[in-house]
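# Fold and geometry: a report
Residues per chain are reported as follows:
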Amino acid sequence: MIKVPELLAPAGSLDKLKVAVDYGADAVYLAGLKFGLRSAAENFTIQELEEGVKYAHDRGAVVYTVINGFLHDQDLAELPEFVKILESLKIDAIIASDLGVIKTIKDNSNIPIHLSTQASCLNVESAKFWKKQGVERVVLGRETSIKEAGKIKREAGVEVEMFVHGSMCMAYSGNCVISNFTQGRDSNRGGCAHSCRFEYSLKFENEEAKKKAFFMSSKDLNGLAVLEEFIKEGIDSIKVEGRMKSHLYAGTISKVYSEALKYYAEHGNFLSDQIYEWERELKKVTHRAYAASNLTEKADASTIFNERESDPNVDYIMIGNVIDTVKDEFMLVEVKNAFEKNQTLELLPFTGAAVPFKANEITGLDNESVDRTKPSTLVKVPWVEGAAKNNILRAQRC
Amino acid sequence: MLVVTYIQNMKELGLAKEHGVSEVIISPKGPSRFGTLKDSEVNELGRQAKEIGLKSVLELDALLTEQELLNVDLKSYELSNFDALRVQDPGLLELVLHKTKLPVQLILEGGNHNLPGLMEWRDYLGPRLDRMVLSIELPKDKLQEYKEALSVPVEFLVLGRILLFYTPRNLLSAMLPEDDELRTKPQITAVGESEESPHKGFPVLENNRGTFMFHIKHQFLMEHLSELQFLDAARVDLRFDSDFELIEKVKDVFNSKMSGKEFKEIYPFDVIKGFYKVNKSDVLFKKLKNSRIQRKDENYIGEVLEIKKGSHQAIRLKGRTGIQKGMKLLFIAPEGKEFSCPVVELKNTKLEDIEKTTDEGLVLMNYLGGVWVKSQVYIQE
């Protein structure tokens, strides 16, 4: 088997952690209720952390906790206790970006430390510096190319992790404080208002008229087409952005990349028609236009997402997730989006192609027939071969 | 307190000297964010500064990818003419520490908002540290506390543009037609108005290092200089659209010949104090999500997944405790209302009556009006 990078998926909640792990992620990253960069995400209580670690470890996956805010003194006061709890829970690493946080982790635990992309580590010398501070892995800034990342790994002697998929900060990570000064929300402590995604009227120096543009919005990263480059450069971990995103996203992205990596590990190439299927799958989750950004060459004008974000922007929606199955009888589904009797749905198994099936019989928990489901209800639909708890159901948008 | 400012030409160097500026920062076009000077011009300014007895600092403050860092040739600068080097990128810091003997001014304006972290930086640089440039997100009380605890020179921006956003991508030229003459200029500027913000007029600049957006107002602490005497250096930034001749008035304020208030009246930009008084940029976080649907660990049972009026509520068990008949449960609805209810009926998903559950799975219990989907369920003590 050829060594391939670890696939690191986002886990915005305990449910999403299970989805990511079940669909093939080797590792997940998550945040406790404090200290991360997604204050609006559900995040994890201590008990959820414990459950999440157990769930992942039982399935051979590892768990990293982000403490990657630029913390202030008052935030640090509560950190030692949290770090000790994380160590007792057997968290596999902490992702940090601030020297004060790194020192606090070192002083209170032996948990391995990964440097967050927030620190914008972009070169060999910088990686060497962070290694001296006790960092075992650097999550490189998104301005780094895969080739540069390989060089950093070889010459600095640290593990390297790179983003492979998801939304991109247009700014150097950690170098945008628009929210701080315009909204009173510290973007580097979890309060980013996504000001870069809004439309701006630009008045250039030589013009009277204004141009309207989403000039600070970046296209989403998609590294599937250059996955082989990550492997050849020996990148240790490839990371998917998106702790705020849906179960469908967590499941689909984990499934696609894990299947692709497994294929390469077994065959040593991507010479398979499967690559087209993986590409199609990535287009079935909510995304902005995709780009490879800086992975192979410097991101140019074509990487700007100069349009208003629209929803729906994909043909597929999540119908629900499978809560339970009774073989040959039914799947119990938590409905997220309404569907109708006889509508064609797709079951997304943990491995293998999506399985289309017709919901020719829908009943409620009380076994009463249902013609059209409603969100936030539980229904039974016909059992599909291979169905398992935590599988995702999706359907083409009507 | 030293007065530190940027200079970009001989005239500004002369004015800086004439008006008693303590130190000048000189930025080359390559590895500094806003530098416009060729290496030869940088060297000439450094040489002249030395000749007239003015401390000069070579600023290399860009963030650099590996290839960009390899392109930095410190030998192209006559370092003997400079008193210190000023860096932000840790990689460039390492290069400077290993390839030169000059003191280092370390820019810590991006984050670095806690004392343990600052102490780590200080200890790492040891005697090579000339000065720490601290973040303008630190309020004055913290600045003072840090200055005392760190016992090393610190610098703070007291006047000038506030940088909000820094990317290596070229965002302005991308919005212009291919034949627009602006695209041939070394710098492109524009003013941006955001649809989301009541603020209008964000200056935007694109140069060889990328694109930068600034606050519509300038940092202005000229009325507070007497409170900031503990600082070792106060930075004044008169680049961009400012008139460098203002340096005379700036020095008048520092020398108490003019009040900060009077200076504000002639200063040609809108101003703010930023986070000088207090930084409460985390207080809104609790409003970013509904804490009522946030699970609390103690006595937690699970979450309501379905309500069927008059029939049942389905609870997904997520906690460490199962449910049994006779137990009293507390439901906290997403809008905050609390309901309590004893477990009278309990069924599994096959609708079979059960006495108790394990701690996993789905269970149906007797209907309770008012409870919504996503209500959190706890054992009531």
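Residues numbered from 1 in each chain as written. Chains lettered and ligands numbered in written order. Predicted model: local features only at pLDDT ≥ 70, side-chain atom pairs only at ≥ 80, totals over all residues. Heavy atoms only, no water.

Moving on to the overall build of chain A. In terms of regular secondary structure, chain A is built from eleven helices and 19 strands. Here the C-alpha radius of gyration of chain A, 22 Å, is about what a compact globule of 398 residues would show, namely 21 Å. For chain A, the spread of C-alpha atoms along the three principal axes comes to 65 × 60 × 45 Å. Residue burial in chain A is summarised as follows: out of 398 residues, 65% are buried. Put simply, of all contacts in chain A between residues at least 6 apart along the chain, 67% involve residues at least 24 apart. (Helix = DSSP H or I, 4+ residues; strand = E, 2+ residues; numbered from the N terminus. Rg over C-alpha atoms; globule rule 2.2 N^0.38 Å. Buried < 20%, exposed > 50% of the residue type's maximum accessible area, 1.4 Å probe, protein only. Contact = heavy atoms within 4.5 Å.)

Residues and elements named next belong to chain A. Each assigned domain of chain A is listed here: domain 1 (6-205 + 218-303) and domain 2 (316-396). Computed from C-alpha atoms alone, the centre-to-centre distance between domain 1 and domain 2 is 31 Å. Counting from both sides, the interface comprises 13 residues of domain 1 and, opposite them, 14 residues of domain 2. Here domain 1 meets domain 2 over a buried area of about 1200 Å², counting both sides, of which 58% is carbon and sulfur. Summed over the three residues of domain 1 that lose the most area to domain 2, namely Y23, L248 and K284, the buried surface amounts to 48% of that side. Run the count over domain 1 and domain 2 and you get one salt bridge. For the salt bridge of E281 with R394, the shortest nitrogen-to-oxygen distance reads 2.8 Å. Counting the contacts that link domain 1 with domain 2 gives nine residue pairs in polar contact (both at pLDDT 80 or more). (Domains from an automatic or database assignment. Buried area = accessible area lost by both parts, 1.4 Å probe. Salt bridge = Lys/Arg side-chain N within 4 Å of Asp/Glu carboxyl O. Polar contact = N/O pair within 3.5 Å; in protein donor to acceptor, adjacent residues only side chain to side chain.)

This part takes up the sheet that holds strand β17 (residues 363-364) of chain A. Residues and elements named next belong to chain A. Strands sit in the order β16-β15-β19-β13-β14-β18-β17 across an open sheet of seven strands; the sheet is antiparallel. In this open sheet, the two strands that pair with only one neighbour each are β16 (355-358) and β17. Pairing analysis gives five bridges linking strand β14 (residues 330-335) to strand β18 (residues 378-382), with the strands arranged antiparallel. Its bridge partner being in β18, F330 is matched across the sheet by P382. (Pairing = 2+ DSSP bridges.)

Another point: empty space enclosed by the protein. Counting across every chain of the model gives five cavities of 30 Å³ or more. Its volume calculated, the largest cavity comes out at about 420 Å³. Lining the largest cavity are 30 residues, and of these R33, E109, I136, I162 and L163 of chain B sit closest to its centre. A per-element tally of the lining of the largest cavity places strand β7 (residues 154-167) of chain B first, with five residues. Residues of the lining of the largest cavity, tallied by class, amount to 14 nonpolar, seven polar and nine charged. Of the volumes computed, that of the second largest cavity is approximately 280 Å³. Taken together, 21 residues form the lining of the second largest cavity, with A119 of chain A together with Q88, G110, N112 and W121 of chain B sitting closest to its centre. Considering each element in turn, the lining of the second largest cavity owes the most residues, three residues, to strand β5 (residues 104-108) of chain B. Here the lining of the second largest cavity is composed, by residue class, of ten nonpolar, ten polar and one charged. (1 Å grid on protein atoms, 1.4 Å probe; cavity = no way out; pocket = protein on both sides within 12 Å on 5 of 7 lines; lining within 4 Å. Points joined across faces, edges and corners; volume = space filled by probe spheres on them. Nonpolar A, V, L, I, M, F, W, Y, C, P; charged D, E, K, R; others polar.)

Okay, the domain arrangement of chain B next. Splitting chain B by domain gives domain 1 (2-166 + 216-284) and domain 2 (291-379). Inter-centroid distance (C-alpha atoms) of domain 1 of chain B to domain 2 of chain B is 59 Å.

We now examine the packing of aromatic side chains. Counted by the stated rule, this structure contains 22 aromatic pairs over all chains. Where Y200 of chain A meets F215 of chain A, the ring centres are 5.5 Å apart and the plane angle is 85 degrees; that geometry is what we call edge-to-face. Here F215 of chain A lies in the loop between β9 (211-213) and β10 (220-222) and Y200 of chain A lies in strand β8 (residues 200-204), a separation of 15 residues in the sequence. Every member of this aromatic cluster is reached through a ring pair, and the members are Y172 of chain A together with F34, Y166, F212, F214 and F240 of chain B. The lysine or arginine in question, K239 of chain A, covers the ring of Y29 of chain A, its NZ or CZ lying 4.4 Å from the ring centre. Here the guanidinium or amino end of K380 of chain A rests over the ring plane of F330 of chain A, the centre of that ring lying 4.7 Å away. (Phe/Tyr/Trp six-rings, centres within 6.5 Å; stacked < 30°, edge-to-face > 60°. Lys NZ or Arg CZ within 6 Å of the ring centre and 35° of its normal.)

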